[in-house]
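# A closer look at the structure
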Amino acid sequence: MSEQTPTSRPDEPRQVAEPAPGTSAPREPLTKNQGTNSVRGTWSSQGEAGRHILLQAESEDMTSSPDSILQRLERIATQARQYPDMQFTTLAHLMDVAMLERAFWSLKPDSAPGVDRVTWRDYKRNLETNLEELHEKLKRRTYVPQPVKRQWIPKSNGKLRPLGLPALEDKVVAKALALLLEQIYEQDFKDFSYGFRPGRSCHQASQQLRQALLKLGITCVIDCDISSFFDNLQHDVLLSLLRKRVNDGSVLRLIKQMLEAGIMDGRDLVFPEKGSPQGSVISPLLANVYLHEVLDTWFAEVVTAHCTGKVFLIRYADDFIIGCSREDDARRIQKVLPKRFAKFGLEINMEKSLLVNFERPRQNSGHKRKGKKPGTFGFLGVVY
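Because the structure is a prediction, the values reported are computed rather than measured. (Residues numbered from 1 in each chain as written. Predicted model: local features only at pLDDT ≥ 70, side-chain atom pairs only at ≥ 80, totals over all residues. Heavy atoms only, no water.)

Now for the overall build of the protein chain. Counting its secondary structure elements, the protein chain contains 12 helices and 12 strands. By residue count, 49% of the 384 residues in the protein chain fall in the buried class. Of the accessible surface of the protein chain, which amounts to about 19100 Å², a share of 48% is contributed by carbon and sulfur atoms. (Helix = DSSP H or I, 4+ residues; strand = E, 2+ residues; numbered from the N terminus. Buried < 20%, exposed > 50% of the residue type's maximum accessible area, 1.4 Å probe, protein only. Areas by Shrake-Rupley, 256 points an atom, 1.4 Å probe, with all protein chains shown as cover.)

Given below as structure tokens:
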């Protein structure tokens, strides 16, 4: 197998998507008019699709509306769904006070505070002023994310797992970014991806896995483990992947700042050159963007085309299972997986990754099955 590479009522700003250019768009400040005129000369390369969106944006009523936040989010989702090869160049201006407020109310009130020691309830006491000041810092580019506080959480195997606790204001900004980016990437993500996505759950992933095992005549299962995925996520690779759909310099700059903000571990402040802290509001979305390219798209477009039997993939965040109806397909996939992941700076933990014989004895066969006994594997806490 070869590898190939509360709603509020703000003034309604314009959302404009731009076809992918050959060069990166210039970085613009966070203002409501960002980028509107700068893209006028680029629409013809996208044909009728581009002209349609431009005329729609120019004709929209710019007054406030009761559900303006939901409308602007749905507009992004609609454009992303209709034009899957298009880049979005003007998203940052949508992060106004109303969007920041929606992000704040989406946070968990009881989350532990970060290095700023500010709780959700502390910030709420003067919410309007706090959000206005935060928005002003974003517009003036004086906003700088604070280091993430690291807390160690015990695991079931006795080891410790690092958990990142961002400052409250950083969580607001990260959540606002996630709300915008989610509208785009939810149109791109594959149906077999379940982790940290709206309307999807562990239960659904497990149910889909059981159905695939029963219906596709699966004889082999690849139970894979990625070594310290969140710690090894490559910043430059991630930003490159994001630019395929998001080429807004202000948005990319904010994400880069968050990735490089540093980690406060006790009294030690470190600045890792890779990784995205578990516990960060935006880390799950960034992880899905990363693995969508590394694994999901590659599997759907390349792996399935090179297999002679039936295959499936179920992924929940960085946990995934591949099932094959033919053992030779399974062995070829298992062999090429480490090469594919290495290309993106990731490593498959070969000690924890197994090729499991999963063929079940035929019912009413009248005799015992010869050969290897069926094995078992675990996924999301369930043994199959």
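This part covers the packing of aromatic side chains. For the structure on display, the rule yields 12 aromatic pairs. Aromatic rings pair up to connect Phe-104, Trp-105, Trp-120 and Tyr-123 into one cluster. Of note, Arg-200 hangs over the ring of Tyr-194, and the distance from its end group to the ring centre comes to 4.8 Å. (Phe/Tyr/Trp six-rings, centres within 6.5 Å; stacked < 30°, edge-to-face > 60°. Lys NZ or Arg CZ within 6 Å of the ring centre and 35° of its normal.)

Before going further, it helps to examine the layout of surface pockets. Taken as a whole, the largest pocket holds about 1600 Å³ of empty space. Lining the largest pocket are 48 residues; nearest its centre among them are Arg-161, Phe-196, Phe-230, Gln-278 and Gly-279. Every element with two or more residues in the lining of the largest pocket is listed here: strand 4 (160-165), helix 6 (168-185), helix 8 (229-232) and helix 11 (283-306). The element contributing the most residues to the lining of the largest pocket is strand 4, with 6 residues. Its residues assigned to classes, the lining of the largest pocket comprises 21 nonpolar, 13 polar and 14 charged. (1 Å grid on protein atoms, 1.4 Å probe; cavity = no way out; pocket = protein on both sides within 12 Å on 5 of 7 lines; lining within 4 Å. Points joined across faces, edges and corners; volume = space filled by probe spheres on them. Nonpolar A, V, L, I, M, F, W, Y, C, P; charged D, E, K, R; others polar.)

Another aspect to go through is the nonpolar core. Formed by 99 residues in total, the largest nonpolar core has its most connected members in Ile-255, Tyr-290, Leu-337, Phe-341 and Phe-377. Beyond its immediate chain neighbours, meaning those up to four positions away, Tyr-290 contacts Phe-229, Leu-233, Gln-234, Val-237, Leu-238, Leu-241, Phe-344 and Leu-346. (Core = buried A, V, L, I, M, F, W, Y, C linked by side-chain atoms within 4.5 Å. Contact = heavy atoms within 4.5 Å.)

Attention now moves to unusual backbone geometry. Look at Phe-196: it is not a glycine, yet its phi comes out positive at around 55°. Mapped onto the elements, Phe-196 comes out in the loop between helix 6 and helix 7 (202-215). The phi dihedral of Leu-380 falls on the positive side, at around 55°, and the residue is not glycine. By secondary structure assignment, the location of Leu-380 is in the loop between strand 11 (378-379) and strand 12 (382-383). By relative accessible area, which is 26% here, Leu-380 ends up partly exposed.

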